[in-house]
Structure formats: structure tokens, C-alpha cells
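If you want the building blocks of each chain, they are given just below.
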Amino acid sequence: MNRLDLRSDTVTQPTAGMRAAMANAGVGDDVYGEDPSIIALEQRVAQLLGKESALLCSSGTQSNLCGLLSHCRNGEEYIVGQEYHTYRYEAGGAAVVGGIVPQPLEVQADGTLDLELLVSRIKPDDPHFPITRLLAFENTHAGQAIDPDYFQTARRIADQHSLSMHLDGARLANAAVASNRSMLELAAPFDSVSICCSKGLGAPVGSLLAGSGELIGRARRWRKMLGGGMRQAGIIAAGIDYALTHHYAGLQQDHENAQWLASALKSISNNNNVEVSNAQTNMVYVQFDTADTGRKLQQFMAEQQIIVPAGKKIRLVTHLDVSRQQLEHFAELFAHFLHKFVSKF
């Protein structure tokens, strides 16, 4: 059986069809606006998300940062979730590069922010305070697809206070499949949307930022400054285009595999002080009584050519390189691990 890697959906390998598409891609110098594959992809993604324009970036971190910097000037503020990537997991780029002030709020269990609290944190027009300019959200968050009605309410609040809204939609495709909505519908409330194509969609690299023509014009300048002015990058665009065409439907199988895994691990973990989350999309969270148990699981699985994270709470992610047969084998090994290292009996 092939090696199983459940750490993230970023570990997927390009398929043979994707490699062929990349090898045959038409290319040009993108900084000069001459790469036909990139031009076509940016137009396609802008249309998919219902925006005027889009910009290919090297990563989700870069597309998010270009978005934040295009909305806010130095000394201005964005309100964001404490656990959202644009605050916690992207090296503080908005503050370091743009001098933008983050106002983090605690994230609720369903992945949203308390909108009453959010309103209370919007700064008045006073020279003592940074100017509140932007609301930054995530969908999905920790594998949870956010209710579209929530973002419609947030949009009304943003309009009342003359604020813009940015979405880190790294896994927006997963959210669309899970909620049986289109990405266009989920992107509609936002002024800018970042979508990552090297996660569940399975492209080897690349993310896009979509928004108005004016915003993307500013973002293109920021991308250049950040070292993201790629040249013959149509090979990257071709991989993403292939993924959008051929891999989107497969996300449903990833979700079903995650749901099967969550159910199996819950059944196995009964009475062993192990908590297993439900799965909405392609993520299952497993919490042990101690971090040492998670470390032992990592070591145990590594001996079986299976890669998982370590820690008190670990995330298991299904993706296009994970089969149901592999998950069944993993569940059998997980049961053996609990019996050997964790069982009360």
C-alpha cells in the first residue's frame, strides 16, 4: 500500500493529466502581461468568483497579503479572527510589510466572529485610534463551512460602517461543495477573495486574489514588491486550470472519506478519553488526554509508513491522494494503537 500522508491537503502530487497540461502550456512573460495561460486563468477565476479581475500569486499567504495591503494603508486597521490565517499563520505580514494594525477577536466554535462584539470594536473617527478599514474572514475555518447567511449579515454591517470585506477562501471550493452552493454565491458578499489551488484542488502551487479592477491593480503592484512577479508561470496556471476542471467534483469524495473516518475513529475511541470531531469537509480533529499520546501516535504510524501530526489535538486531512482503503487500514492501526497505549482496560 502506498504511503499515506494525512497532515494536509497541500501534500498532493500532480496527476499525469495535470503534468501533461503543464508541460504543454502556452507561456509568456507575466510581468509584461504576456502569458496567455495566466491571462486565461485569471479571467476564468474572476468569472467563477463574480469579480471584475483576478491575480495569480505564488501562495495563499501572498494573495491574502496583497489583498490586505490593497485595502488598508499604514496606520489603518483590519478586524480578524484570533485563529484566522491572515492574523495567526502568515508571519504578521500585514503589520510588518504594510504597517496595518490587526484587531483580533476570538473565533466562535462554528468558525465565525461574534458580530455584536465586532461592531463594538469598530473604532470611532478619532486621531487617537487606528482607522478601521476592513473585516477579514475565513471560509472554511478548521474544516467548517460557514453559513452564507452569516456573511450577508456581516456585509450589511460593513456597509453601515463604510468598511470593506476580505475572504481568505483558501478552501472555498470545499465550502461550496459542502454547502451545495457555488463559489460565486459564497464570494458575493466580499470585496476581495483569496482562493488557494494547491490544497484540496490538488495543483502543485498557486493561489489567486479576485476583486475589482482597481483593487487588483493595486494588488499587482504589491505582488511585484513582494517578489511575486513571476515570468513564464503559465505552467503553474495550466496546473490550476486543470485542477478546476478535473478535480473540483472529487472534493465530495474527500468529504465523504473524512466523514467515514470521523465515524470510524469515534467508534474505536469510545471509552478511551479520545475526542473525535465531526467532519463537514475534509478535516477530522482528534484530541487526546496529553500531547505525549499524540507524539506516540505519530511515531507508531510512521513505522507503518503513515504520516500524521503530533500533539494533544491533531488534524487529519483527506485529499485526492487518500483512498478509502487506506483510511480503513489507518483505522485498524488506530484501534491497535489505542489498545496498546491508551486503553483503560
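Residues numbered from 1 in each chain as written. Predicted model: local features only at pLDDT ≥ 70, side-chain atom pairs only at ≥ 80, totals over all residues. Heavy atoms only, no water.

Labelled according to an unreviewed UniProt entry, the protein appears under the name Low-specificity L-threonine aldolase, originating from Idiomarina seosinensis. According to its UniProt record, the protein has this under Sequence similarities (unreviewed entry): "Belongs to the threonine aldolase family." The UniProt entry for the protein carries the following text under Subunit (unreviewed entry): "Homotetramer." (UniProt positions renumbered as here; feature names shortened; annotations may be inferred.)

A. The arrangement of the domain arrangement of the protein in detail. Each assigned domain of the protein is listed here: domain 1 (16-247) and domain 2 (249-342). The junction of domain 1 with domain 2 conceals about 1100 Å² of combined surface from both sides, 57% of it contributed by carbon and sulfur atoms. Sorting the residues of domain 1 by area buried against domain 2 places Asn174, Val177 and His247 first, and these three jointly supply 38% of that buried surface. Applying the counting rule to domain 1 against domain 2 returns zero salt bridges. Linking domain 1 with domain 2 are five residue pairs in polar contact (both at pLDDT 80 or more), by the criterion used here. (Domains from an automatic or database assignment. Buried area = accessible area lost by both parts, 1.4 Å probe. Salt bridge = Lys/Arg side-chain N within 4 Å of Asp/Glu carboxyl O. Polar contact = N/O pair within 3.5 Å; in protein donor to acceptor, adjacent residues only side chain to side chain.)

B. Region of interest: the pattern of salt bridges. Inspection of every chain in the model, using the stated rule, returns 15 salt bridges. For the salt bridge of Arg88 with Glu83, the shortest nitrogen-to-oxygen distance reads 3.4 Å. Taking relative accessible area as the criterion, Glu83 reaches 30% and is therefore assigned partly exposed. The partner of Lys296 in a salt bridge is Asp292, and the shortest N-O contact between them spans 3.4 Å. (Buried < 20%, exposed > 50% of the residue type's maximum accessible area, 1.4 Å probe, protein only.)

C. Highlighting the environment of Lys312. For Lys312, the location among the structural elements is in the loop between strand E11 (306-307) and strand E12 (313-317). Here the alpha-carbon distance between Lys312 and Gln287, two residues 25 residues apart in the chain, equals 5.7 Å. Those residues in contact with Lys312, other than ones at most four positions away along the chain, are Val286, Gln287, Phe288, Asp289, Thr290 and Ala291. (Helix = DSSP H or I, 4+ residues; strand = E, 2+ residues; numbered from the N terminus. Contact = heavy atoms within 4.5 Å.)

D. Region of the structure containing the pairing of strand E10 (residues 283-287). Burial runs high along E10: four of the five residues are buried. With two bridges joining them, strand E9 (residues 275-276) and E10 adopt antiparallel strand pairing. Bridge pairing in E10 links Val276 to Val286. The hairpin formed by E9 and E10 contains six residues between the paired strands. (Pairing = 2+ DSSP bridges.)

E. Focus on the UniProt feature "domain: Aromatic amino acid beta-eliminating lyase/threonine aldolase" (unreviewed entry) in the protein. Those places that UniProt annotates as "domain: Aromatic amino acid beta-eliminating lyase/threonine aldolase" (unreviewed entry) correspond, in this numbering, to residues 5-287. Each end of residues 5-287 is marked by a C-alpha atom, and these two atoms are 19 Å apart; helix forms 43% of the span and strand 17%.

F. Structural detail: the UniProt feature "modified residue: N6-(pyridoxal phosphate)lysine" (unreviewed entry) in the protein. Following the UniProt record, one finds the feature "modified residue: N6-(pyridoxal phosphate)lysine" (unreviewed entry) at Lys199. For Lys199, a relative accessible area of 17% translates into the label buried. Sequence-distant contacts of Lys199, that is, excluding residues within four places in its chain, are made with Asp9, Thr10, Thr12, Ala170 and Arg171.

G. Representation of the side chain of Thr293 within the structure. Residue placement: Thr293 occurs in helix H13 (residues 291-302). Setting aside its immediate chain neighbours within four residues, Thr293 contacts Phe288, Phe337 and Val342.

H. Structural detail: empty space enclosed by the protein. Summed over all chains, the structure comprises two cavities of 30 Å³ or more. Roughly 60 Å³ of volume is contained in the largest cavity. Together, Thr61, Leu65, Leu68, Thr86, Glu90, Gly92, Gly93 and Ala94 line the largest cavity. Where the lining of the largest cavity is concerned, the elements lending two or more residues are helix H3 (60-71) and helix H5 (93-98). Considering each element in turn, the lining of the largest cavity owes the most residues, three residues, to H3. (1 Å grid on protein atoms, 1.4 Å probe; cavity = no way out; pocket = protein on both sides within 12 Å on 5 of 7 lines; lining within 4 Å. Points joined across faces, edges and corners; volume = space filled by probe spheres on them.)

I. Region of interest: the nonpolar core. Residues Leu49, Leu56, Tyr78, Leu118, Phe137, Leu208 and Ile240 are the most contacted members of the largest nonpolar core, which totals 64 residues. Broken down by element, the residue count for this core peaks at six residues, all from helix H11 (residues 234-246). In contact with Phe137, not counting residues within four places along its chain, are Tyr84, Leu113, Leu118, Tyr150, Phe151, Ala154, Met165, His166, Leu167, Asp168 and Phe190. In terms of nonpolar packing, the next biggest core, distinct from the first, is built from 27 residues, Leu6, Leu265, Val286 and Met301 among them. (Core = buried A, V, L, I, M, F, W, Y, C linked by side-chain atoms within 4.5 Å.)

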